[in-house]
Amino acid sequence: MLSLAGLLLICTARDLIWLFLALELTSLPTYVLVAMSRSSRIAQESAMKYFFLGAMSAALFLYGFAMLYVATGTVEFGPMRRALMEQSADGGLGAIPVLGLILSIFGISYKLAAAPLHLYAADVYEGAAAPVTAFLGFVPKAAGVLAIMVLLTASGVSEAVPQLPYPILMTLWVLAVLTMTLGNIGALLQRSVKRMLAYSSIAHSGYLLMGIIAGPGLGYTAVLFYLLAYGISNTAVFGVLSGLERQGQELEKIDDLAGLRQR
């Protein structure tokens, strides 16, 4: 419930502090969920990886937020938007706001499990119980996508001015291409059901980033529709996995699904 509350608060964020607190409120309960979901050692290990990498990503985007504050003199999105648009009209954004946006996007992309901050996803999906993995596959990803959309809108991107600054555009393109490529190739190499679905989730983050690149209007509308369709299908898959057991244990290998139609 706390994590869902954080997701809802992201949608109504009006300043950087609010956005930071909402992102952390979404993430922190999920670390506990992973650790509590199973009593096995692998669950504890994956929870620790998830927590420490999450702390690193939080430091990364918080540093980016600090640089945006330095560049604009405000943490509120309205005045920040006006300040950045004025700078852009006067000859383009300077190095500080651009670097701040890039660091913020990199840090938030951890929530999406987007490359290169995707390495934790397979271990966490494998370690957590299937119902928790269903939650992890959708809520943090939705939070990250919404946070990036809110941040880009606050930086001056709109339907009237959909073009992103060139360094930000290139950063998003590199993230999208890397994420789609590594996610799909990684999925092909897996023998564990959860690890395969983890890499599938990574690839989906790349598709979502392409909608963000398309910009406000049809691009953001497509992202929200994709999130809805992905959330339903992802939850359904893990719902099936959570209902399948063999000798009291979850199915782990793809080979364990053989003959599922008959059973």
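Residues numbered from 1 in each chain as written. Predicted model: local features only at pLDDT ≥ 70, side-chain atom pairs only at ≥ 80, totals over all residues. Heavy atoms only, no water.

*Asks:* Any chance you could explain the pattern of salt bridges here in plain terms?
*Replies:* It is possible for side chains of opposite charge to pair when their charged atoms get near one another. In this structure the tally under the stated criterion is five salt bridges. With its nearest N and O atoms 2.9 Å apart, the salt bridge here joins R195 to D123. You can see R195 sitting in helix α9 (residues 193-214) and its partner D123 sitting in helix α6 (residues 121-127), a full 72 residues away along the chain. Judged by its relative accessible area of 18%, R195 is buried. Look at the salt bridges and you will find they share partners, linking E45, K49, D123, E126 and R195 into a network. (Salt bridge = Lys/Arg side-chain N within 4 Å of Asp/Glu carboxyl O. Helix = DSSP H or I, 4+ residues; strand = E, 2+ residues; numbered from the N terminus. Buried < 20%, exposed > 50% of the residue type's maximum accessible area, 1.4 Å probe, protein only.)

*Asks:* Quick question: what am I supposed to make of the nonpolar core here?
*Replies:* Nonpolar side chains in soluble globular proteins generally cluster together in the buried interior. Counting residues in each nonpolar core, the largest one holds 49 residues, and the members touching the most others are L19, L152, I168, L172, L209 and I212. The dominant element in this core, judged by the number of residues it contributes, is helix α7 (residues 130-154), at 12 residues. Sequence-distant contacts of L19, that is, excluding residues within four places in its chain, are made with I10, A13, F65, F77, A147 and L151. A128, Y199, F238 and L241 belong to the second-largest nonpolar core, a separate cluster that totals 25 residues. (Core = buried A, V, L, I, M, F, W, Y, C linked by side-chain atoms within 4.5 Å. Contact = heavy atoms within 4.5 Å.)

*Asks:* Whenever I open this one, a nonpolar patch on the surface confuses me. Can you help?
*Replies:* Side chains of Y166, M170, W173, V177 and M210 sit close together on the surface and give an oily, nonpolar patch of about 480 Å² of accessible area. For the nonpolar patch, the element with the most residues is helix α8 (residues 166-188), which contributes four residues. With respect to the helices and strands, the residue W173 is situated in helix α8. On the basis of relative accessibility, which here comes to 34%, the residue W173 falls in the partly exposed class. (Patch = residues over 30% accessible without salt bridge, like charges linked within 9 Å, V, L, I, M, F, W, Y side chains within 5 Å. Areas by Shrake-Rupley, 256 points an atom, 1.4 Å probe, with all protein chains shown as cover.)

*Asks:* Is there a simple way to think about helix α2 (residues 16-37) in this case?
*Replies:* Side chains three or four residues apart in an α-helix point the same way, a direct result of the helix having 3.6 residues per turn. In this model α2 runs 32 Å from its N-terminal to its C-terminal C-alpha over 22 residues, within 8% of the 32 Å that 1.5 Å per residue would give. Of all the positions in α2, only L16, L19, F20, A22, L23, E24, T26, S27, T30, Y31 and V34 are classed as buried. Those residues of α2 that are buried lie in contact with α1 (2-11), α3 (41-72), α4 (77-89), α5 (95-112), α6 and α7. Between the side-chain oxygen at the start of α2 and the backbone nitrogen of I17 there is a gap of 3.1 Å, and the oxygen is on D15. (Expected span 1.5 Å × (residues − 1). Polar contact = N/O pair within 3.5 Å; in protein donor to acceptor, adjacent residues only side chain to side chain.)

*Asks:* How should the environment of Q190 be read in this particular structure?
*Replies:* Residue position: Q190 is located in the loop between α8 and α9. For Q190, a relative accessible area of 13% gives the class buried. The sequence separation of Q190 and K253 amounts to 63 residues, and the corresponding C-alpha distance is 9.1 Å. When residues no more than four places from it in sequence are discounted, the contact partners of Q190 are R195, M196, Y199 and I254. Among the polar contacts made by the side chain of Q190, one reaches the main-chain carbonyl oxygen of G186 at a distance of 3.0 Å. A distance of 3.2 Å separates the side chain of Q190 from the side chain of R195, its partner in a polar contact.

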